Amino acid sequence: MSNTNGHHANGHNGHGIKQSRFGDGSHGDSLQGSTGVQEFHALHAEDASTIVFTEEDKQKIAEFVARYPAKESAVMRALWLAQEKFGWLSIEAMNLVADTIPMPRADVQGVASFYTMYWKKPMGKTHLAICTNISCMLCGAYELYNYIKKTYNIGNGDVTPDGLLSLEEAECLGSCGTAPAMQVNNYEYVENLTLEKLKAFLKARGLEK
Ligand code: FES
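Residues numbered from 1 in each chain as written. Predicted model: local features only at pLDDT ≥ 70, side-chain atom pairs only at ≥ 80, totals over all residues.

Student: Sorry if this is basic, but what is going on with the sheet that holds strand E1 (residues 126-131) here?
Tutor: Sheets are built from strands paired through backbone hydrogen bonds, the pairs being either parallel or antiparallel. If you walk across this open sheet you meet the four strands as E2-E1-E3-E4, and the pairing is mixed. Two strands close off the open sheet at either side, each with one partner strand: strand E2 (165-170) and strand E4 (188-190). Strand after strand, the sheet turns through a mean of 25 degrees between neighbouring axes, direction not considered. Two strands pair when backbone bridges link them, and E1 and E2 are joined in this way by six bridges, in the parallel orientation. Bridge assignment links His127 to a residue of E2, and that residue is Ser166. (Pairing = 2+ DSSP bridges. Helix = DSSP H or I, 4+ residues; strand = E, 2+ residues; numbered from the N terminus. Axes fitted to C-alpha atoms, helices over the stretch in contact; angles between N-to-C directions.)

Structure, rendered in structure tokens:
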């Protein structure tokens, strides 16, 4: 069974990349403590031979490239395609994107490292990005964020040992009018979040504790 990110409930993402590398119980605030810049977790795929594009993928990337005057402009869409396909962006996946466009590998890694929506390590089957920017903070976002931290014993950027849940302290999600806001798996928004609503969301996903 897989979700929209290609992650499988059995701890694999369906592409030979095990979630178990995060089963060591580590729960440090790996993204906190930096100066607002996300720490760059550039990990290698455990089986790099699985990091390949099909002819259809290559065709899609060629179509992205054709939309812009400069081929490098297709990098964000191509990285997104790679993340959807592989579940996260290993160095091998970034290099594959670079070689397919083609453009310098360092430039692709630079783009991937800048944006938090690109995952540089496998995240949980359910990934919660809770906004703690000003509007959300004023509306109680830290109560929600800290609830997840304490209840699941994970910090910013961490994954639970079973690979089912990961947490991110997000900057403004563009949903300030319905703060506090949470983004799930980079797609779904949960707005006007309360602790009760968060608990109900977790329960509906079989993640309550
Ligand atoms: S401050 Fe949270 S969505 Fe804008």
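Resuming the write-up.
Student: I would appreciate a short explanation of the nonpolar core in the present structure.
Tutor: For soluble globular proteins, the rule of thumb is that nonpolar side chains tend to be buried together. Counting residues in hydrophobic clusters, the biggest one holds 47 residues, and the most contacted among them are Leu89, Ala93, Val97, Ile101 and Ile130. Secondary-structure elements contributing two or more residues to this core are helix H1 (55-66), helix H2 (75-86), helix H3 (91-100), helix H4 (105-114), E1, helix H6 (141-152) and E2. Taken domain by domain, the makeup of this core includes at least three residues from each of domain 1 (48-114) and domain 2 (124-204). Beyond its immediate sequence surroundings of up to four residues, Val97 is in contact with Val75, Ala78, Leu79, Ala82 and Val108. (Core = buried A, V, L, I, M, F, W, Y, C linked by C-beta atoms within 7 Å. Buried ≥ 20, exposed ≤ 12 C-beta atoms within 10 Å, placed from the backbone. Domains from an automatic or database assignment. Contact = placed C-beta atoms within 7 Å.)

Student: Would you mind showing me how to read unusual backbone geometry here?
Tutor: Trans is the common state for peptide bonds, and a negative phi is the common state for residues other than glycine. The peptide bond linking Ile101 to Pro102 adopts the cis configuration, its omega dihedral lying at -15 degrees. Structurally, the position occupied by Pro102 is in the loop between H3 and H4. For the bond from Ala179 to Pro180, the omega torsion is -5 degrees, close enough to zero to count as cis. With respect to the helices and strands, Pro180 occurs in the loop between E2 and strand E3 (182-184). A positive phi is found at Asn153, a non-glycine position, where the angle reads about 55 degrees. By the element assignment, Asn153 lies in the loop between H6 and E2.

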